[in-house]
Amino acid sequence: MSHGRAGAPELKDSLGATPDALADVLRRRGVSRRAFLNYCSLLGALMALPPALVPRLAHALEGARRPSVIWLSFQECTGCTESLTRSHAPSVEDLIFQSISLDYHHTLQAASGAAAEAAREHAMKENAGKYLVVVDGSIPLANPGYSTIAGISNKDMLLDTARGAAAILAVGTCASYGGLPKADPNPTGAVAVADLITGKPVINIPGCPPIPVVITGVVAHFLAFGLPGLDDLGRPLAFFGERIHDRCYRRPFYDRGLFAHGFDDDGARKGWCLYKVGCKGPVAFNACATVKWNAGVSFPIEAGHPCLGCSQPDFWDGGDFYQTLAIPTENVAGLAMGAMAVGAGAGAAVSALNTAKRKTAKKAHETVTIENLEKPKEKAET
Amino acid sequence: MTSDPAMDLLMWARGPGFQIATVVLLFGIVLRIVEILALGRARDLAPPKASPAQSGLRTVFSRFLPRHGMAMRSPVIHIGGYLFHAGFFIVLLFFGPHIQLFEEGFGIGWPGLPSPLIEAVTVISMVALVAVLIARVRDPVRKLLSTFEDYAVWVVTFLPFLTGFMAVNKLGLPYTWMMALHVLSVELLMVVLPFTKLTHAVTFLFARYYNGWVNGRKGAAT
Amino acid sequence: MTAATLERGLTALKEHIDAPVAAFFSSCVHCGLCAEACLFYTETGDPKYAPIRKLEPLRRQWRREYTLVGRLGALLGLIKPLTDDELAEWAHLIYDSCTMCGRCTLVCPVGNDLTYMIRKLREGMAASGHARKGLVEAAKKTIKLGSPMGVQLPALNAQIRRVEAEVGLPIPVDVAGVDYMVILSSMEVIQFPEIIGALARIFDRAGVTWTIPSSGFEATNVGIQIGSRDIAEEIVRRVVEAAEKLRVKYVISPECGHAYVALRWEGPNLLGRPYRFEVIHLMELLAKLRAEGRLPLAGKHDQRVTFHDPCQIIRRGGIDQEPRDLLNEITEDFAEMPDAGIWNWCCGGGGGVSAVDEAEHLRTKVFSRKMCQLDEVHPEQLVTACANCRNIIEEGLEAYNKDIEVIGLTELVAEYLAPDETAPAEGGDGS
């Protein structure tokens, strides 16, 4: 069994071969049934499926046909692919990924130039209406020339490829929400996949990068049960339904008011809550705190670094990474001084008018005497 | 779907919203203080029996305590009033994330209180606020005295507690929404403070001082 | 001279709104506690008597004229000016149901001095012609005749002669260069002339030189009650001129609450200058004489007595210990009412209310508060140190069919002066 680059997804030797059932591929790859069921249990737990549904998941997965997948990479850093393929020693999720019929992937495919594009077009024609499109990277709209593949702009390629797709998986925060390319001031006019696609299901799997098992989990879910339930940001609820903050092992420190105030203070050494060094756990929806990274070894907070909230839209523009969430993003000291000065000025102006008014009133004062204590007769009688 | 309206709102609240609120709050408070003090008062030519300034300062503090027989006559207003005011300052000053705000703003922090305690205080404060609202509606005097402003100010005061509590306990809208609403509700409070009866947060100092000054110089109780 | 108009009233309010008023209104949270301190509310249960509500016209005038928001609102026509009808409607709240007793001032959690503001609001009411008729009449009599009850020198002289015959001591009138000048309220001259004899005996025993002025002997000042600095000034000037003409060192403010306020606290400000003499309240003087050993007392009063605190002297005058020290000295059975001292309840007739005909019914109704207090101590006699309180309490007790004798503290003290070996013994029949 190879792994890493050597264990890259199996690219089809010949164009147009009929995809095998997933179970066959797995068996061929030497995955035992026990390992496969373990994986299904893990996925089931991750997706919060009732235990009774796990056998159904396994059955469905076993019988699923290897889907044809077209992977489009736009304005991205390849981190998402790296996350998936180089994360750790071969695992079932790795194999699941390998077992898909990856018909087109810039980084991984051997073919280049016209041959590569031909592969894409062939896959589209062959599996029309059934193939999956995976996108990583955002799409620049400011100028189509900012990012092209084989002379085709990202936008054109996406729209063209998506037309016959069963669903589109936006992998990574760039594809899901525009990500780093879209960060202020967004020089390329980057947009997310969902901004361009209409009439097709788009599943966002954000993260910078996304957790590998979440990517394969979504694929598995798609294969077994079809489209997963999504939150209002297009993310599968099964993996993005909870905040990092709520599942964080450091949460008890937050509740007790024990915080690290820096990266080398006592609190940091004692493993206290990282809220005050800018942790975005309270607003980040992801599975890091439960699934963790590198085969469950750790996750950023466990490594002593605050969560950046990378699975959230515009996380790059969410203020200082090391600043607490509720902290004002702007320094208001200058404004505050100005406001007080203007307040004092306005107060002085009103007061000048007030003083003048009082002076006038004093001047207008007519001595009250016993003669004028009463109203003129005609009124006094009422 | 590609941007998070909740986060956008939170970012607005943390940025421009907070700027606006700070500007209005400080502008308003300074304006009101100048407006009040500049009206001045006539020099008192009657020889004083006691130091007016001392009496003024004493009154600033002595009025924190319940006055003779009043707590028995208006128990809800007293208990509710104390609980709410104490709760307001405890939650404002001793909740970790709030302390962080002061740390960022003024460079000084202090230890916070455990979240469960803060939450308990929040609930107590909200109950106290509801109690004083009921007392306002049911008591003929307070009902007669109350204007739209009294009820509006109640809502504005209640919202930060409610939204904060909901955000922390993941009630209602998703956390980011609640967080944004919480910050906005506080900003609303900041904006209306100088122009409503909430100004008493600042002007009670002057009112008590003047009262102590005027009556203390006569040697009278204040 | 023009007649009273709304315009003049509003101008007066503009004139009298100052920083404390602005601070007070800015701080009010409508908690309603002032109502709980006001006997006009506690005894009637009518929320319109909440003290802060009585001040609504002043608050509106302040807001409209002296705040940025109010000024803008007025410009846009959103904040309406006060109307004459509103002021007329408020007269009941400002004149009939507030004695300026200051109890609300003492309870306000944000520290508002509501009494201070009532005093100012009455300036506007008087200038706009909304003062109560009874007070207007009293003012006219005071200005024209010298006293609100029309007491003139011949009447005073008659009482002086009677008292001289009774106590066998001369009552000095218009004696220049003495230490103390005594002024009196016309209530005392007419209804309680025994006070003059009491003073004569006490001063004789203490070796105090004193005199009563033939003009400016009236201590009460209806100008303070009706709310007119101009009228108050004219009245207080008479006393000040008399005192300065007679070159006395002290003017004694008698057993009358608001007379003390008028002379001691408002007077110098009304005249715009300090006096060339000192004002001392009778209670202060008695305490001083006692401390100096010049007031030898003997015997004990054996009746059960209680003390009613006149608001302007005790709560708002700070003279709360002096009368109690004296009472403890000369009585055997002195029982304090609940809320005694600075928290005592008003008789219901102070601040000019006793002169307002429209207030009579209400005044009697709210006397129930005093009745409740008295029911706690069952005194045989009630001692007080204000002729107006005394009169109101006597009326109230009569209305409630309660047989309690009301006496002035100074008279009681005079009764227990220790016998002087150099003179024939007097009084002291209590022991």
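Draft legend 1. Structural context of the overall build of chain B. Along chain B, the regular secondary structure elements total ten helices and zero strands. The linear arrangement of helices and strands in chain B, starting from the amino end, is α-α-α-α-α-α-α-α-α-α. Its C-alpha atoms give chain B principal-axis dimensions of roughly 75 × 35 × 35 Å. A buried classification covers 50% of the 222 residues belonging to chain B. Of all intrachain contacts in chain B linking residues separated by at least 6 positions in sequence, the fraction that spans at least 24 positions is 71%. Positive and negative side-chain charges of chain B, numbering 18 and 11 respectively, have mean locations separated by a distance of 19 Å.

Draft legend 2. Representation of the packing of helix α18 (residues 282-291) of chain C against helix α19 (residues 321-330) of chain C in the model. All names here are of chain C. Put simply, α18 and α19 touch, their axes get as near as 9 Å, and they point 55 degrees apart. With respect to α19, the axis of α18 lies oblique. As α18 runs across α19, the sense of the crossing is left-handed. Along its contact with α18, which presents Met283, Glu284, Leu286, Ala287 and Arg290, the element α19 presents Glu322, Pro323, Leu326 and Glu329. Along the lines of polarity and charge, the residues of the contact of α18 with α19 split into five nonpolar, no polar and four charged.

Draft legend 3. Spatial organisation of unusual backbone geometry. For the bond from A:Asp184 to A:Pro185, the omega torsion is 10 degrees, close enough to zero to count as cis. Looking at where A:Pro185 falls in the secondary structure, it is placed in the loop between α9 (179-182) and β8 (190-191). Cis geometry is adopted by the peptide bond preceding A:Pro209, which originates at A:Cys208 and carries an omega value of 0 degrees. You can see A:Pro209 is positioned in the loop between β9 (202-205) and α11 (212-225). A positive phi angle, near 45 degrees, is found at C:His378, a position not held by glycine.

Draft legend 4. Focus on the nonpolar core. All names here are of chain C. Judged by nonpolar contacts, the single largest core of 103 residues is most densely connected at Leu55 and Leu58. In terms of residues, this core owes the most to one element, helix α10 (residues 114-127), which gives eight residues. Setting aside residues up to four positions removed in sequence, leucine 55 forms contacts with Phe25, Trp90, Leu114, Met117, Ile118 and Leu121.

Draft legend 5. Molecular detail of the interface of chain C and chain B. Each partner contributes residues to the interface: chain C has 58 residues there, and chain B has 52 residues. When the buried surface of chain C facing chain B is broken down by residue, C:His30, C:Glu36 and C:Trp265 rank first, second and third, together holding 14% of it. Linking chain C with chain B are two salt bridges. Applying the counting criterion to the chain C and chain B interface returns 28 residue pairs in polar contact (both at pLDDT 80 or more).

Draft legend 6. Inspection of the domain arrangement of chain A at higher detail. Residues and elements named next belong to chain A. Domain boundaries in chain A define domain 1 (4-240) and domain 2 (244-317). On a C-alpha basis, the centres of domain 1 and domain 2 stand 28 Å from each other. Contacts between domain 1 and domain 2 engage 23 residues on the former and 17 residues on the latter. When domain 1 packs against domain 2, close to 1500 Å² is buried across both sides, 69% of that on carbon and sulfur atoms. Where domain 1 packs against domain 2, one counts one salt bridge.

Draft legend 7. The sheet that holds strand β2 (residues 101-105) of chain A, seen in detail. All names here are of chain A. The five strands lie next to each other as β2-β1-β3-β7-β9, forming an open sheet whose pairing is parallel. Each edge of the open sheet is held by one strand with a lone partner, namely β2 and β9. Each strand axis lies, on average, 20 degrees off the axis of its neighbour in the sheet, ignoring direction. As paired strands, strand β3 (residues 132-136) and strand β7 (residues 167-171) are joined by five bridges and run parallel to one another. Bridging from a neighbouring strand, aspartate 136 pairs with valine 171 of β7. Running over the sheet, helix α7 (residues 154-162) touches β1 (68-73), β2, β3 and β7 and is turned about 165 degrees from β1.

Draft legend 8. Broad picture of the environment of B:Ala220. By secondary structure assignment, the location of B:Ala220 is in the segment after α10 (200-216). Along the backbone, B:Ala220 and B:Ser55 are 165 residues apart, and their C-alpha atoms lie at a distance of 9.5 Å. Leaving out residues up to four positions away in the same chain, B:Ala220 has contacts with B:Asn215, C:Arg315, C:Arg316, C:Gly317 and C:Gly318.

Draft legend 9. Representation of the sheet that holds strand β2 (residues 210-211) of chain C in the model. All names here are of chain C. What the four strands build is an open sheet, ordered β2-β1-β3-β4; its pairing is parallel. Every interior strand has two partners, whereas the edge strands, β2 and β4 (278-281), have only one. Across two bridges, the pairing between strand β1 (residues 180-182) and β2 is parallel. Bridge pairing in β2 places tyrosine 180 opposite tryptophan 210. Each of β1, β3 (250-253) and β4 touches α18; the most contacted strand, β4, lies at about 80 degrees to it.

Draft legend 10. Structural view of the environment of B:Leu129. All names here are of chain B. Position of leucine 129 among the secondary structure elements: in helix α6 (residues 115-138). Distance in space between the C-alpha atoms of leucine 129 and tryptophan 154 is 7.8 Å, their sequence separation being 25 residues. When residues no more than four places from it in sequence are discounted, the contact partners of leucine 129 are Phe84, Trp154, Thr157, Phe158 and Phe161.

Draft legend 11. Broad picture of the interface of chain A and chain B. Every contact between the two is made by 52 residues of chain A and, on the other side, 40 residues of chain B. For the pair chain A and chain B, the summed buried surface comes to about 3900 Å²; carbon and sulfur atoms form 64% of the total. Linking chain A with chain B are two salt bridges. For the salt bridge of A:Lys276 with B:Glu103, the shortest nitrogen-to-oxygen distance reads 3.8 Å. Residue contributions to the side of chain A that touches chain B peak at 15 residues, all from helix α17 (residues 333-364) of chain A. Its residues placed into classes, the side of chain A that touches chain B shows 24 nonpolar, 15 polar and 13 charged.

Draft legend 12. Fine view of helix α11 (residues 133-145) of chain C. Residues and elements named next belong to chain C. In this model, α11 (13 residues) spans 17 Å end to end at C-alpha, consistent with the 18 Å of a helix rising 1.5 Å per residue. Among the residues of α11, Gly134, Leu135, Val136, Ala138, Ala139, Lys140, Thr142 and Ile143 are the ones counted as buried. For α11, the elements touching its buried residues are α8 (84-96), α15 (222-226) and α16 (229-245). Where α11 terminates, the next one or two residues include glycine 146, which has phi positive at roughly 105 degrees.

Draft legend 13. Up close: helix α2 (residues 33-46) of chain A. Residue and element names in this part refer to chain A. Compared with the 20 Å implied by 1.5 Å per residue over 14 residues, the 20 Å span of α2 between its first and last C-alpha is a close match. Among the residues making up α2, those that are buried are Phe36, Tyr39, Cys40, Leu43, Gly44 and Leu46. End-on view of α2: buried residues confined to an arc of 160 degrees, all on one side of the axis. Those residues of α2 that are exposed and angled more than 90 degrees off the buried face are Arg34 and Ala45. Of the residues flanking the end of α2, it is alanine 48, one or two places downstream, whose phi is positive at about 55 degrees.

Draft legend 14. How the structure looks around the side chain of B:Asp139. Looking at the secondary structure, you find B:Asp139 in the loop between α6 and α7 (140-145). When its relative accessible area of 13% is taken as the criterion, B:Asp139 is described as buried. In this structure the side chain of B:Asp139 is engaged in a polar contact, spanning 3.0 Å, whose partner is the backbone nitrogen of B:Val141. A polar contact of 2.9 Å, which involves the side chain of B:Asp139, links it to the backbone nitrogen of B:Arg142. In this view, B:Asp139 contacts C:Glu36 and C:Tyr41; residues no more than four positions away in its chain are not counted.

Draft legend 15. The side chain of C:Ser97, seen in detail. Residue and element names in this part refer to chain C. Its place among the elements puts serine 97 in the loop between α8 and α9 (103-107). In terms of polar contacts, serine 97 uses its side chain to reach the backbone carbonyl oxygen of leucine 93, at 3.0 Å. Apart from residues no more than four positions distant in its own chain, serine 97 is found in contact with Phe40, Tyr49, Lys54, His92 and Leu362.

Draft legend 16. Here's a closer look at the pattern of salt bridges. Considering all chains together, one arrives at 49 salt bridges over all chains under this definition. Salt-bridge contacts for A:Arg163 lead to A:Asp160; the nearest nitrogen and oxygen are separated by 3.3 Å. Residue A:Asp160 is classed as partly exposed on the basis of its relative accessible area of 28%. In this structure, B:Asp150 engages B:Arg136 in a salt bridge whose closest nitrogen and oxygen atoms are separated by 3.8 Å. Taken as a pair, B:Asp150 in helix α8 (residues 148-168) and B:Arg136 in helix α6 lie far apart in primary sequence, 14 residues in all. Summarising the burial analysis for this pair, B:Asp150 and B:Arg136 share the class buried. Overlapping salt bridges, with partners in common, bring together A:Arg243, A:Asp246, A:Arg251, A:Asp255 and B:Lys170 in one network.

Scoring rules and cut-offs
- Residues numbered from 1 in each chain as written.
- Chains lettered and ligands numbered in written order.
- Predicted model: local features only at pLDDT ≥ 70, side-chain atom pairs only at ≥ 80, totals over all residues.
- Heavy atoms only, no water.
- Helix = DSSP H or I, 4+ residues; strand = E, 2+ residues; numbered from the N terminus.
- Buried < 20%, exposed > 50% of the residue type's maximum accessible area, 1.4 Å probe, protein only.
- Contact = heavy atoms within 4.5 Å.
- Lys, Arg positive; Asp, Glu negative; His and termini not counted.
- Charge placed at Lys NZ, Arg CZ, Asp CG, Glu CD.
- Axes fitted to C-alpha atoms, helices over the stretch in contact; angles between N-to-C directions.
- Parallel < 35°, antiparallel > 145°, perpendicular 65-115°, else oblique.
- Left-handed = near helix turned anticlockwise from the far one by under 90°.
- Nonpolar A, V, L, I, M, F, W, Y, C, P; charged D, E, K, R; others polar.
- Core = buried A, V, L, I, M, F, W, Y, C linked by side-chain atoms within 4.5 Å.
- Buried area = accessible area lost by both parts, 1.4 Å probe.
- Salt bridge = Lys/Arg side-chain N within 4 Å of Asp/Glu carboxyl O.
- Polar contact = N/O pair within 3.5 Å; in protein donor to acceptor, adjacent residues only side chain to side chain.
- Domains from an automatic or database assignment.
- Pairing = 2+ DSSP bridges.
- Expected span 1.5 Å × (residues − 1).
- Arc of directions from axis to C-beta.

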